[in-house]
Amino acid sequence: MKAADVPDMYVLDALSSDIESLDDVLRVLNSASELGWTKEWGRAFERGDVVQALMRLVSNDLVRVFVPDATTRGLVERPPRSLPPEDFDNAWYGITERGRVVHATWDPPLS
């Protein structure tokens, strides 16, 4: 599989400025504004595309996972390379320092 065949860098870019939910990542990627990447990707991003990308990005320590904490009513960071304990919809995602380095060296394809 070629790098252009996977949406990982687009997902990493969507997370480059803030911690986001899966729905937020999809909304950014599919946005008609300059933030969106559907033109370069060639089609709308689907939930499965983003979940698979998040799995790879988390496993490679480029993205970290946060889950809601009922006690503090805030978010708690999961251990490095740990996927969400339940499902991807009940978690938030943020770029790691390693992910920032990778993102900074990315030369995105522009249509």
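Definitions and cut-offs
- Residues numbered from 1 in each chain as written.
- Predicted model: local features only at pLDDT ≥ 70, side-chain atom pairs only at ≥ 80, totals over all residues.
- Heavy atoms only, no water.
- Pairing = 2+ DSSP bridges.
- Helix = DSSP H or I, 4+ residues; strand = E, 2+ residues; numbered from the N terminus.
- Buried < 20%, exposed > 50% of the residue type's maximum accessible area, 1.4 Å probe, protein only.
- Contact = heavy atoms within 4.5 Å.
- Polar contact = N/O pair within 3.5 Å; in protein donor to acceptor, adjacent residues only side chain to side chain.
- Phe/Tyr/Trp six-rings, centres within 6.5 Å; stacked < 30°, edge-to-face > 60°.
- Core = buried A, V, L, I, M, F, W, Y, C linked by side-chain atoms within 4.5 Å.
- Expected span 1.5 Å × (residues − 1).

**Student:** An account of the sheet that holds strand β2 (residues 63–69) is requested, with residue identities and associated values reported.
**Tutor:** With respect to topology, four strands assemble into an open sheet ordered β1-β4-β2-β3, the strand pairing being antiparallel. Each end of this open sheet is capped by a strand with a single partner; those strands are β1 (20–21) and β3 (74–77). Across four bridges, the pairing between β2 and strand β4 (residues 92–95) is antiparallel. Its bridge partner being in β4, Arg64 is matched across the sheet by Gly94.

**Student:** Please give an account of helix α2 (residues 22–29) that cites residues and values.
**Tutor:** Those residues of α2 lying buried are Leu22, Asp24, Val25, Leu26 and Leu29. Packed against the buried residues of α2 are α1 (8–14), β1, α3 (38–41), α4 (47–59) and β4.

**Student:** Outline the environment of Thr96, supporting the account with residue identities and numerical values.
**Tutor:** Turning to its location among the elements, Thr96 is positioned in the loop between β4 and α5 (97–104). Separated by 16 residues in sequence, Thr96 and Pro80 place their C-alpha atoms 9.4 Å apart. In contact with Thr96, not counting residues within four places along its chain, are Asp61, Leu62, Val63 and Arg64. Within the structure, Thr96 has its side chain in polar contact with the backbone oxygen of Asp61 (distance 2.7 Å).

**Student:** A description of the packing of aromatic side chains should follow, citing residues and the corresponding values.
**Tutor:** Under the definition given, this model contains seven aromatic pairs. With a centroid separation of 5.3 Å and an interplanar angle of 55°, the aromatic rings of Trp37 and Trp106 are classed as tilted. Of the two residues, Trp37 sits in the loop between α2 and α3 while Trp106 sits in the segment after α5, which places them 69 residues apart along the sequence. The class for Trp106 is buried, based on a relative accessible area of 19%. Relative to Tyr93, the ring of Phe88 lies with its centre 6.2 Å away and its plane at 15°, an arrangement referred to as stacked. One exposure class covers both Phe88 and Tyr93, and it is buried.

**Student:** Any details on the pairing of β2? Residues and values, ideally.
**Tutor:** Across four bridges, the pairing between β2 and β3 is antiparallel. In the sheet register, Asp69 faces β3, and the bridge partner there is Gly74.

**Student:** Now, about the nonpolar core: what can you tell me, with residues and values included?
**Tutor:** Looking at soluble globular proteins, one finds that nonpolar side chains tend to be buried together. Grouped together as the largest cluster of nonpolar side chains are 27 residues, with contacts concentrated most on Val11, Leu29, Val50, Leu54, Val63 and Tyr93. Within the residue set of this core, elements represented by two or more residues are α1, α2, α4, β2 and β4. Considering every element that reaches this core, the biggest residue donor is α4, with six residues. Leave out the neighbours within four places in its chain, and Leu29 touches Tyr10, Val11, Ala14, Gly36, Trp37, Thr38, Phe45 and Val50.

**Student:** Quick rundown of α4? Include the residues and the values.
**Tutor:** For α4, with 13 residues, the first-to-last C-alpha span of 18 Å sits near the 18 Å given by 1.5 Å per residue. Taken together, the buried positions of α4 are occupied by Asp49, Val50, Val51, Ala53, Leu54, Leu57 and Val58. Summarising the contacts, the buried residues of α4 are in contact with α1, α2, α3, β2 and β4. Within two residues after α4, Asp61 carries a phi angle of roughly 60°, on the positive side.

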